[in-house]
Amino acid sequence: MSTSQSKNQQDLSAWEKIRLGDLATWKEDELKTAIHWFRQAVSLVLGIVWGLIPFTGLNAFLTQLALNSIGTVVFYSSVIGVDPDEYGGHAVLWQEALGPAISMFMLAWVVTYSLVQF
């Protein structure tokens, strides 16, 4: 990649880099931010859906955790197309924003369930 292409890639937003897929180059903090917001969005959607269904209990929580984890791995491996080893491995990227994602899911799930079911 030439220096002009590299310089132009630094000016791209995260959304533009996601659309470029594996053609984009990512700084570690940009990648972790993209993973963070992806996880937040997935957690919010799953929390609302689980509250509307109503899907409750440990099975609901573990299903959300599995779907969120699988989605995150697919996101950074296939959609963005980064090599996890360049950023510390799968474990580092998988753990990124896991705590806030669980919190977002729990909040959305409990609030939606409480509003719809009671």
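Just so we're clear, the structure is a prediction, and the values are computed from it rather than from any experiment. (Residues numbered from 1 in each chain as written. Predicted model: local features only at pLDDT ≥ 70, side-chain atom pairs only at ≥ 80, totals over all residues. Heavy atoms only, no water.)

(A) Broad picture of the pattern of salt bridges. Under the counting rule described, the total for this entry stands at two salt bridges. Of the charged contacts, one joins lysine 32 and glutamate 28 as a salt bridge, the two residues approaching to 3.1 Å between their closest N and O atoms. Note that lysine 32 and glutamate 28 are positioned in helix H3 (residues 28-52) at a spacing of four residues, about one turn of the helix. Residue lysine 32 is classed as partly exposed on the basis of its relative accessible area, which comes to 22%. What makes glutamate 28 partly exposed here is its relative accessible area of 41%. (Salt bridge = Lys/Arg side-chain N within 4 Å of Asp/Glu carboxyl O. Helix = DSSP H or I, 4+ residues; strand = E, 2+ residues; numbered from the N terminus. Buried < 20%, exposed > 50% of the residue type's maximum accessible area, 1.4 Å probe, protein only.)

(B) The packing of aromatic side chains, seen in detail. With the rule as written, the count across this model stands at five aromatic pairs. Ring centres of tyrosine 113 and phenylalanine 118 lie 5.8 Å apart, and the angle between their planes is 85°; on these two criteria the pair is classed as edge-to-face. We classify tyrosine 113 as partly exposed; its relative accessible area is 25%. Members of the aromatic cluster, each reached through a chain of ring pairs, are Phe61, Phe105 and Trp109. Above the plane of the ring of tryptophan 26 lies lysine 17, whose end atom (NZ or CZ) is 5.6 Å from the centre. Looking at arginine 39, its charged tip hangs above the ring of tryptophan 94, at a distance of 5.9 Å from the centre. (Phe/Tyr/Trp six-rings, centres within 6.5 Å; stacked < 30°, edge-to-face > 60°. Lys NZ or Arg CZ within 6 Å of the ring centre and 35° of its normal.)

(C) Structural detail: the environment of leucine 67. Inspection of the secondary structure puts leucine 67 in helix H4 (residues 57-79). What makes leucine 67 partly exposed here is its relative accessible area of 41%. Considered as a pair, leucine 67 and glycine 88 are 21 residues apart in the sequence and their alpha carbons are 22 Å apart.

(D) Summary view of the confidence of the model for the protein chain. For the protein chain, per-residue confidence averages 88 on the pLDDT scale, and 92% of positions sit at 70 or higher. By mean pLDDT, the top-scoring element of the protein chain is helix H6 (residues 98-117) (96), and the lowest-scoring one is helix H1 (residues 3-10) (54). (pLDDT = per-residue confidence, 0-100.)

(E) Quick look at a nonpolar patch on the surface. A surface patch of nonpolar side chains, amounting to about 630 Å² of accessible area, comprises Leu44, Ile48, Leu52, Leu107, Val111, Leu115 and Val116. If you list the elements that add at least two residues to the nonpolar patch, you get H3 and H6. In this fold, leucine 115 is placed in helix H6. Exposure remark for leucine 115: the relative accessible area of 67% places this residue in the exposed category. (Patch = residues over 30% accessible without salt bridge, like charges linked within 9 Å, V, L, I, M, F, W, Y side chains within 5 Å. Areas by Shrake-Rupley, 256 points an atom, 1.4 Å probe, with all protein chains shown as cover.)

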